[in-house]
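# Residue-level structure breakdown
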Amino acid sequence: MITLSRASRWYGQVIGINDVSCEIGPGLTALLGPNGAGKSTLMKLVTGQLRPTTGDVLVFRERPFANTRVFRRIGYCPEIESCYEDMTGREFVSMLAALAGIPSSQRASRCADALELVGMTAAASRKIGGYSKGMRQRVKIAQAIVHDPDLLILDEPLNGLDPVGRREMTDLFVKLAESGKCVVVSSHILYEVEQMTRRILLIDRGRMRAMGDVYQIRALIDAHPHRVAITCPEARRLARRLLEFPYVLSASLDRADDSRLTVETRQPDQFYDDLPRLALADGYQVTEFESPDNNLEAVFRYLVKG
Amino acid sequence: MTAGPEKPTDSPASVVSPIADVSYRHYDGPLHSRALRWWIVALAGIRQALRKWWFWLLVMVSMAPYAFTGLLLFVQTRLGADVQQAMLGMGSGARFASLFFQAFDGQLFWLMVIGLTVGAASIAADNRTNALQVYLAKPITKTDYLLGKWMGVFVVVFVAALLPALLLFLYCMLSFWREGFTREPWLIIKILGASAVAAAGYASLVVGISAWCRSAMVSGALSAGVYFASSIIAFVLWATLHLRDLRAGDMTAGVLVQNASLSGVIKSVAWNIYDVAIRMPGRPGRMFTPVEIHPPELWIMLTAYVAIVVGGIIGARIRIRAVEVISG
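Residues numbered from 1 in each chain as written. Chains lettered and ligands numbered in written order. Predicted model: local features only at pLDDT ≥ 70, side-chain atom pairs only at ≥ 80, totals over all residues.

## Regarding the overall build of chain A
Summing up its helical and strand segments, chain A has eleven helices and 13 strands in all. Of all 306 residues assigned to chain A, the portion counted as buried reaches 45%. Partitioning the contacts of chain A with sequence separation of at least 6, the portion at a separation of at least 24 is 67%. (Helix = DSSP H or I, 4+ residues; strand = E, 2+ residues; numbered from the N terminus. Buried ≥ 20, exposed ≤ 12 C-beta atoms within 10 Å, placed from the backbone. Contact = placed C-beta atoms within 7 Å.)

So, in structure tokens, the structure goes:
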């Protein structure tokens with residue numbers, strides 16, 4: 001659905017994105033990167049609000065810049081502070097539904113559907129000026145989905161939402177992606193992105209650093225072995241035994257808490273298989289273990305911060 | 001007549017679930033490509049203006065010059081013909097057009113204020129909230145958006161200018177049918193033209209300035225500043241250069257300088273449309289012998305007017321961007 005071919009965008013001397021090539025198809029893709037990485041520039045290129053300085057951007061095989069045919073099939077939820085304070089939520093969604101081309105005969109029911117979906121039916125008749133940040137976020141999402149677009153671009157859509165709201169919206173995005181739509185979500189909240197999708201597009205300083213399944217990407221980062229934190233009353237003895245495994249590179253005890261042990265390994269799957277066996281055989285009481293590395297945050301940290 | 005089969009009342013299928021169905025429902029209806037997409041944008045702006053009580057107050061106040069003119073006309077019907085002539089100074093020419101123009105002149109300031117209330121925030125508020133990103137990601141063009149914002153101001157100011165004029169027109173038509181009202185058949189066209197001139201001028205100024213601001217307050221202050229500054233400069237220039245001309249009873253040269261302001265340009269174009277002479281008290285010691293002032297040169301004022309309208313629209317169009325592009 002989205003194809004970027006060596007796309008670059010400069011703002012004078014400032015690089016927005018630099019030589020980015022990628023294809024994004026149906027399903028949910030998370031767009032990740034630190035502040036100023038170029039996420040918003042990429043989204044604006046895709047939504048046709050910016051033209052690439054060099055390279056090409058195609059959406060539905062057409063150039064999106066000022067292309068109303070493409071806009072008809074896009075739903076965009078930007079990260080904006082606020083919107084029309086004097087309008088009610090229903091009016092706001094209805095106006096944008098009208099701009100999207102929904103005929104007046106079907107507009108009311110379609111707006112009602114969209115508002116219900118984001119949990120705003122009860123507050124739809126209130127002015128946006130009186131909405132909380134989370135409610136504004138929901139209304140923005142409603143206007144993005146009201147015309148049932150094939151491509152949904154969501155810039156920090158979970159900002160301001162309470163935990164229940166985050167869960168609801170996450171489920172909605174997943175459902176939309178499962179129904180064959182292309183959903184691109186940018187977010188800083190990595191653990192929530194992890195709940196939504198495993199497919200990521202990571203950009204940093206305008207360059208694309210990685211794209212694909214987060215666990216596959218993690219496995220490819222050889223420079224950083226997996227770390228596994230284990231809590232066990234006999235941590236020192238357990239560390240000695242674990243170092244006998246050839247794939248365990250190091251084991252270190254926590255100075256503050258000698259029941260905490262951190263192991264580094266290049267074969268995490270093998271390690272996860274062997275650890276329970278060892279614990280059962282030698283009678284170690286492993287009360288807790290976690291892998292702070294095998295997640296999106298680790299991938300983000302290693303690829304972005306080096 | 002046979003009774004149909006009874007509907008089951010308590011079977012699980014017939015019971016409406018108390019839990020709302022919030023599953024995603026696809027939209028399979030049409031998506032129209034509208035020719036008048038700008039009207040949706042305009043309508044949103046107009047609706048917001050109509051909701052404010054003080055907007056209606058301004059509209060009422062702006063009607064006062066026409067109400068006053070109507071009142072004068074009503075009073076003169078109760079007085080003798082000589083008093084009528086002296087009080088209203090109406091000659092045998094386009095006397096109703098003259099009345100309408102003077103009422104229009106009195107209303108111009110309020111039309112500017114109405115334009116400000118409707119248009120100062122029009123694009124500035126979108127700039128502040130980045131709502132342009134939402135708008136311009138929908139299937140509308142930049143031109144649709146700008147036209148919508150411009151029309152949102154134009155329509156409101158136009159109706160505010162036209163409505164009291166039409167009411168007065170109706171009153172005159174009903175009351176002065178035999179007193180020469182029918183001798184001015186183009187009056188209604190002149191009213192429409194003058195109202196449109198004021199609406200287009202103010203809409204272009206206000207929207208043009210609004211596009212360059214990120215706050216309604218700054219936009220309103222700038223627009224008002226341009227309005228008042230140009231009026232003050234024009235007045236000072238006129239008083240310095242041409243006041244003695246008024247005393248001498250000749251305003252031919254002075255009228256151009258006097259109207260070399262934003263409101264003056266709009267007024268002058270409307271004045272040319274009404275094509276009437278204004279009478280002002282002139283020579284010292286002969287206050288009841290008024291000086292006739294004719295409208296300034298049309299081509300000069302029309303050029304200035306077109307510059308204001310086109311400048312405002314082009315200025316806004318240059319500035320309207322969904323994203324702020326940093327250069328340098």
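## Some words on the sheet that holds strand E13 (residues 288-290) of chain A
Residue and element names in this part refer to chain A. Taken in spatial order, the four strands of this open sheet run E11-E12-E10-E13, and their pairing is antiparallel. Both edges of this open sheet fall to strand E11 (248-253) and E13, since each of them pairs with a single strand only. The mean angle between the axes of side-by-side strands here comes to 20 degrees, regardless of whether they run parallel or antiparallel. Against the sheet, helix H9 (residues 235-242) makes contact with strand E10 (226-231), E11 and strand E12 (260-265), and its axis sits at roughly 170 degrees relative to E11, the strand it touches most. (Pairing = 2+ DSSP bridges. Axes fitted to C-alpha atoms, helices over the stretch in contact; angles between N-to-C directions.)

## A closer look at the nonpolar core
Residues Phe100, Val157 and Ala198 of chain B are the most contacted members of the largest nonpolar core, which totals 162 residues. For this core, the leading source of residues is helix H8 (residues 142-175) of chain B, giving 15 residues. Beyond its immediate chain neighbours, meaning those up to four positions away, Phe100 of chain B contacts Ala165, Leu168, Leu187, Ile191 and Tyr274 of chain B. In terms of nonpolar packing, the next biggest core, distinct from the first, is built from ten residues, Ala235, Ala251, Leu261 and Tyr284 of chain A among them. (Core = buried A, V, L, I, M, F, W, Y, C linked by C-beta atoms within 7 Å.)

## Considerations on the interface of chain B and chain A
How big an interface is tends to be expressed through the accessible area that disappears when the partners come together. Listed as interface residues are 34 residues of chain B and, on the opposing side, 41 residues of chain A. Counting only elements with at least two residues in the side of chain B that touches chain A, the list comes to helix H1 (37-50) and helix H7 (131-135) of chain B. Here the side of chain B that touches chain A gets four residues from one element, more than from any other, and that element is H1 of chain B. The residue inventory of the side of chain B that touches chain A, partitioned by class, reads 18 nonpolar, eleven polar and five charged. (Nonpolar A, V, L, I, M, F, W, Y, C, P; charged D, E, K, R; others polar.)

## Description of the environment of Leu158 of chain A
All names here are of chain A. Its location among the elements puts Leu158 in the loop between strand E6 (151-155) and helix H6 (163-178). For Leu158, a count of 22 C-beta atoms within 10 Å gives the class buried. Taking the C-alpha atoms as reference points, Leu158 and Ser186, 28 residues apart in sequence, are found 9.3 Å from one another.

## A look at helix H1 (residues 39-46) of chain A
Residue and element names in this part refer to chain A. H1 sits mainly inside the fold: eight of its eight residues count as buried. Every buried residue of H1 is accounted for by Lys39, Ser40, Thr41, Leu42, Met43, Lys44, Leu45 and Val46. At the exit of H1 stands Gly48, carrying a positive phi of roughly 75 degrees.

## Quick word on the sheet that holds strand E7 (residues 182-186) of chain A
All names here are of chain A. Across the sheet, six strands lie side by side as E5-E6-E7-E3-E8-E9; this open sheet has mixed pairing. A strand with exactly one partner marks an edge of an open sheet, and here the two such strands are strand E5 (74-77) and strand E9 (207-213). Mean inter-strand twist for the sheet, computed between neighbouring axes without regard to direction, equals 15 degrees. The pairing of strand E8 (residues 199-204) with E9 spans six bridges and is classified as antiparallel. The partner of Asp204 across the bridge, within E9, is Arg207. Packing of H1 onto the sheet brings it into contact with strand E3 (27-32), E6, E7 and E8, and relative to E6 it is tilted by some 150 degrees.

## Regarding the packing of helix H3 (residues 89-100) of chain A against helix H4 (residues 104-117) of chain A
Residue and element names in this part refer to chain A. In contact at an axis separation of 10 Å, H3 and H4 are set at 120 degrees when each is read in the N-to-C sense. Here H3 lies oblique to H4, going by the angle between them. By crossing handedness, the relation of H3 to H4 is classed as right-handed. In this structure, H3 uses Gly89, Arg90, Val93, Ser94, Ala97 and Ala98 to contact H4, whose residues at the interface are Arg107, Arg110, Cys111, Ala114 and Leu115. Residue classes in the contact of H3 with H4 are distributed as six nonpolar, two polar and three charged. (Parallel < 35°, antiparallel > 145°, perpendicular 65-115°, else oblique. Left-handed = near helix turned anticlockwise from the far one by under 90°.)

## With respect to the pairing of E3 of chain A
All names here are of chain A. Of all six residues making up E3, five are buried, and the element is well covered by its neighbours. As defined by bridge partners, E3 adjoins E7 across five bridges and the pair is classed as parallel. Of the residues in E7, the one forming a bridge with Ala30 is Val185.

Purely geometric stuff here, so don't read any function into it on its own.
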